[in-house]
Amino acid sequence: MSPMPSSEPMHPAALLLPEYVAGNLTAEERQEVDRHLTQCPDCQRELEEVRELREGVHTHFSSLPGPPPRVFERVKAQIQAEEGLVKKEKSPPLFDVSGWLSALEEGFRVLFAPRWVPGLAVALIVAQTTLLMWASISPQGELVPPVSVTERSVPPNLPTSSSVLAQIAFQDNTSEKELRMIIRDLEARIVNGPSLDGIYTVQLLEKDPALVDQKLKALLGKSGAIRMAKRISP
Amino acid sequence: MDSTNYQELNDEELLQATASGVNQAFEVLYKRFEGRLYQFLRIKMNNDTMAEDVLVDVMVGVWKGAKTFHGGSKVSTWIFGIARHKALDAIRAIVRSDSTTVNLEDSLEAPDSSDNPAIQAERKSVGGLVQKAITKLPPDQQEVIYLVYYEGMTYQEIGQLLNIPVNTVKTRVFYSKQKLKETMEHLGLQQGTF
C-alpha cells in the first residue's frame, strides 16, 4: 500500500467531502458536514479542491474514446465458442451405444431414486388388480367367465329365442322413408332382408305374440305400403 | 416476439435477463459498462490492447457468472470486482518490459471539440494533467481516484470491491487526492487553479 504523507490535522468532515460532493451522504451526515463547513475555512478550501478534481476527472475520462466495436464481437464469439464446447461435452456421440446406455441407466436411477417410488409401484399394481377383478364380476356377484373366441366372434345383434319375429313385404312403390317409419312405428328392427322377393324379417320389441299379431293386422289394414305382414316366431 | 425495452431496465434486471440467456439484455448491459470498464482497465493495465483483452474476459465472465449474482452488492460493484480480478490475473501473467507497454500519456489524448482556443488550451492543460498526474500515483491510489471521482462509487461499495474497511477507503481517498494535487502542481498547473 502507498505510504501516507506525514499527517496534518485531518477533520473527519474532510474525509467525507468526496461523498458529500457526489451526493452519497445520508441527510444526517450531510447536515453534520454543512455545520462543519460553516466554521472551517480549511475544509471549505478542501471542498473546492474536491469539486475541481471531480470535474477534471469527469471531463477527462468522459472525453476518452470507448473500446472499439470489435471488442463486443470478440465477446460474442468467445461466448458462442464456449457454449458450443459445453453442448458438445453434455451430449454423447450419436453412435456411442455405451454412452446412450449409460445415459439411460442414469435416467432410470434418477427416476427410482426417491424412497417412495417402490411403494407407489406396489400400490398401483394392487389397484389395477382390484379394478380388473371388480370389472370381471357380474351384477349378480358372480364371476363372469371369459367369453370364448367362438362366442366373441358371433355378432351380438342376432335375435334370441325369446324374440318375436315377423316378415313384412312392402309394395314396390314404398319409399325408403315410408319403410323406415313403418318399422319405427312397429318398434321393430330389420334383422334380415330384403330377400329376392322383397321380404324383410323384423324383430319386434313386443314380446307377446298375440299383441304382435294385433299390430301386424292393424298395419295391414291402414297402410297401403305393405302387401304382406305375418308373425313367424314364436 | 419480445417487446421488452431493455434500455429501460436497471442493471439488476438486465443481469437477471442475461442469466436467463437473453442476448439483447446482455448487449445493453455491455453497452452500459463498456466505456467505464475500459477506462478502469486502461488505468490498471497501462496498455490499450491489454485493456481490450481483459475487457473481453470480463464481459464473458459476466455472461457466465450472471446466474451466480445474488444481490449482495450493486451490479456495478460486482462487475468492477470481476474487472479488477481479471486485471490482476493478467498483470501477474505477463512479463512487463519497456517494449510491451504503450505510453499512456500519448494514448489517452483527449479529443477536442471546442472552438475556443483558450478553452482548448485549458482542457488540454487540466484534462491532460489530470491523467498524467493519475498515472504517476501508485496503483491503489489511482484506483480509488477513478472509482470515487469518475464512477461515483460510495466508500462502502469501494470497500466491498477492494475488500478493505470503509475507514481505510476514506483515508486512502483523502491522501490520493492530496497526492494528485501535489503531482499536478509539480507538473506545472497554474497555482490556484487546483
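A. Region of the structure containing the overall build of chain A. Within chain A, the secondary structure is distributed over nine helices and four strands. Evaluated residue by residue, chain A yields a buried proportion of 26% over its 234 residues. Sequence separation of 24 or more characterises 56% of the internal contacts of chain A that already satisfy a separation of 6 or more. For chain A, the accessible area works out to roughly 16700 Å², and carbon and sulfur atoms hold 60% of it.

B. Geometry of the packing of helix 2 (residues 23–45) of chain B against helix 4 (residues 75–93) of chain B. All names here are of chain B. Look at helix 2 against helix 4: their axes get within 10 Å of each other, and the N-to-C directions meet at 40°. In terms of axis orientation, helix 2 runs oblique to helix 4. Seen from above, helix 2 lies across helix 4 with right-handed handedness. Note on element contacts: helix 4 touches helix 2 through Ser-76, Ile-79, Phe-80, Ala-83, Arg-84, Ala-87, Ala-90 and Ile-91, opposite Leu-29, Phe-33, Arg-36, Leu-37, Phe-40, Leu-41, Lys-44 and Met-45.

C. Up close: the pattern of salt bridges. Residue and element names in this part refer to chain B. Under the definition given, this model contains 19 salt bridges over all chains. In this structure, Glu-143 engages Arg-84 in a salt bridge whose closest nitrogen and oxygen atoms are separated by 2.5 Å. Note that Glu-143 is positioned in helix 7 (residues 139–149) and Arg-84 in helix 4, a separation of 59 residues in sequence. The exposure class assigned to Arg-84 is buried, which follows from its relative accessible area of 16%. Two residues, Asp-89 and Arg-92, come together in a salt bridge whose shortest N-O distance is 3.0 Å.

D. Just the packing of helix 2 of chain B against helix 3 (residues 48–65) of chain B, in detail. Residues and elements named next belong to chain B. In contact at an axis separation of 9 Å, helix 2 and helix 3 are set at 140° when each is read in the N-to-C sense. In this structure, the crossing between helix 2 and helix 3 has a hand that is right-handed. Together, Asn-23, Phe-26, Leu-29, Tyr-30, Glu-34, Leu-37, Tyr-38, Leu-41, Arg-42 and Met-45 of helix 2 and Asp-48, Met-50, Ala-51, Glu-52, Val-54, Leu-55, Val-58, Met-59, Val-62 and Trp-63 of helix 3 make up the contact between the two elements. Of the residues that constitute the contact of helix 2 with helix 3, the class distribution is 15 nonpolar, one polar and four charged.

E. Quick peek at the side chain of Thr-183 of chain B. All names here are of chain B. Mapped onto the secondary structure, Thr-183 falls in helix 9 (residues 166–186). A distance of 2.7 Å separates the side chain of Thr-183 from the backbone oxygen of Lys-179, its partner in a polar contact. Dropping the residues within four chain positions of it, Thr-183 is found in contact with Ala-133, Lys-136 and Leu-137.

F. Molecular detail of the interface of chain A and chain B. Each partner contributes residues to the interface: chain A has 40 residues there, and chain B has 52 residues. Across the chain A/chain B interface, buried area totals approximately 4300 Å², and carbon plus sulfur atoms make up 66% of it. Broken down residue by residue, the surface that chain A buries against chain B is led by Leu-53, Phe-61 and Phe-72 of chain A, which jointly contribute 16%. Applying the counting criterion to the chain A and chain B interface returns six salt bridges. The closest approach of N and O atoms between Asp-53 of chain B and Arg-74 of chain A, which form a salt bridge, is 2.9 Å. Between the two partners, chain A and chain B, sit 11 residue pairs in polar contact (both at pLDDT 80 or more). Secondary structure elements with two or more residues in the side of chain A that touches chain B: helix 1 (12–22), helix 3 (41–63) and helix 4 (70–90) of chain A. Among the residues making up the side of chain A that touches chain B, the classes are represented as 20 nonpolar, 10 polar and 10 charged.

G. Representation of the sheet that holds strand 2 (residues 188–192) of chain A within the structure. All names here are of chain A. Spatial strand order, 2-3-1-4: four strands in an open sheet with antiparallel pairing. The open sheet is flanked by strand 2 and strand 4 (226–233), the only strands paired with a single partner. Each neighbouring strand pair of the sheet contributes to a mean axis angle of 35°, computed without reference to strand direction. Judged from the four bridges that link them, strand 2 and strand 3 (residues 199–204) form a sheet pairing that is antiparallel. Within the sheet, the bridge partner assigned to Asn-192 lies in strand 3 and is Thr-201.

H. Expanded view of unusual backbone geometry. Here the bond from Ser-233 of chain A into Pro-234 of chain A is cis, since omega is 0°, no more than 30 degrees from zero. Here Pro-234 of chain A shows up in the segment after strand 4. Positive phi outside glycine occurs at Asn-46 of chain B, with the angle close to 60°. Along the polypeptide, Asn-46 of chain B turns up in the loop between helix 2 and helix 3. Owing to a relative accessible area of 28%, Asn-46 of chain B belongs among the partly exposed residues under this scheme. In this structure, Asn-163 of chain B takes a positive phi of about 60° despite not being glycine.

I. Spotlight on the environment of Leu-37 of chain A. Residues and elements named next belong to chain A. Secondary-structure assignment places Leu-37 in helix 2 (residues 27–37). Accessibility expressed as a relative area gives 9% for Leu-37, which makes it buried. Here the alpha-carbon distance between Leu-37 and Ala-14, two residues 23 residues apart in the chain, equals 9.2 Å. Apart from the residues lying within four places of it in its own chain, the contact partners of Leu-37 are Leu-17, Tyr-20, Cys-43, Gln-44 and Leu-47.

The rules behind each value
Along every chain, residues carry numbers that run from 1 in the direction the sequence is written. Chains carry letters and ligands carry numbers; both start at the beginning, A for chains and 1 for ligands, and go up in the order they are written. Residue-level local features of this predicted model are given only where pLDDT is at least 70; pairs of side-chain atoms are given and counted only at 80 or more, and the full residue set underlies all totals for whole chains, interfaces and linings. Values shown for side chains rest on all heavy atoms present in the structure; no hydrogens or waters enter the calculation. Numbering of helices and strands runs from the N terminus, with a helix taken as a DSSP run of H or I at least four residues long and a strand as a DSSP run of E at least two residues long. Only protein chains enter the accessibility calculation, which uses a 1.4 Å probe. A residue is then buried if its area is under 20% of the maximum for its type, exposed if over 50%, and partly exposed in between. Residues count as neighbours in contact if any of their non-hydrogen atoms are within 4.5 Å of one another. Only the protein chains shown count as cover for residues, and all accessible areas are computed by the Shrake-Rupley method using a 1.4 Å probe. Note on method: axes are straight lines fitted to C-alpha atoms, helices fitted across the in-contact stretch only, with angles between N-to-C directions ranging 0 to 180 degrees. Note on terminology: angles under 35 degrees are roughly parallel, angles over 145 are roughly antiparallel, angles of 65 to 115 are roughly perpendicular, and the others are oblique. Note on convention: near helix rotated counterclockwise from far helix by under a right angle means a left-handed crossing. Clockwise means right-handed. Criterion for a salt bridge: a side-chain nitrogen of Lys or Arg within 4 Å of a carboxyl oxygen of Asp or Glu. Gly is put with the polar residues, along with every residue not named as nonpolar or charged; the nonpolar set is Ala, Val, Leu, Ile, Met, Phe, Trp, Tyr, Cys and Pro, and the charged set is Asp, Glu, Lys and Arg. The term polar contact refers here to a pair of N or O atoms within 3.5 Å; inside protein, the definition further demands a hydrogen-donor-capable atom paired with an acceptor-capable atom, and it admits residues adjacent in sequence only when both atoms are side-chain atoms. Put simply, buried area is the surface a 1.4 Å probe can reach on two separate parts but cannot reach once they are joined, added for both. When DSSP finds at least two bridges between two strands, those strands are taken to pair.

Function-wise, these values are silent; they only describe arrangement.
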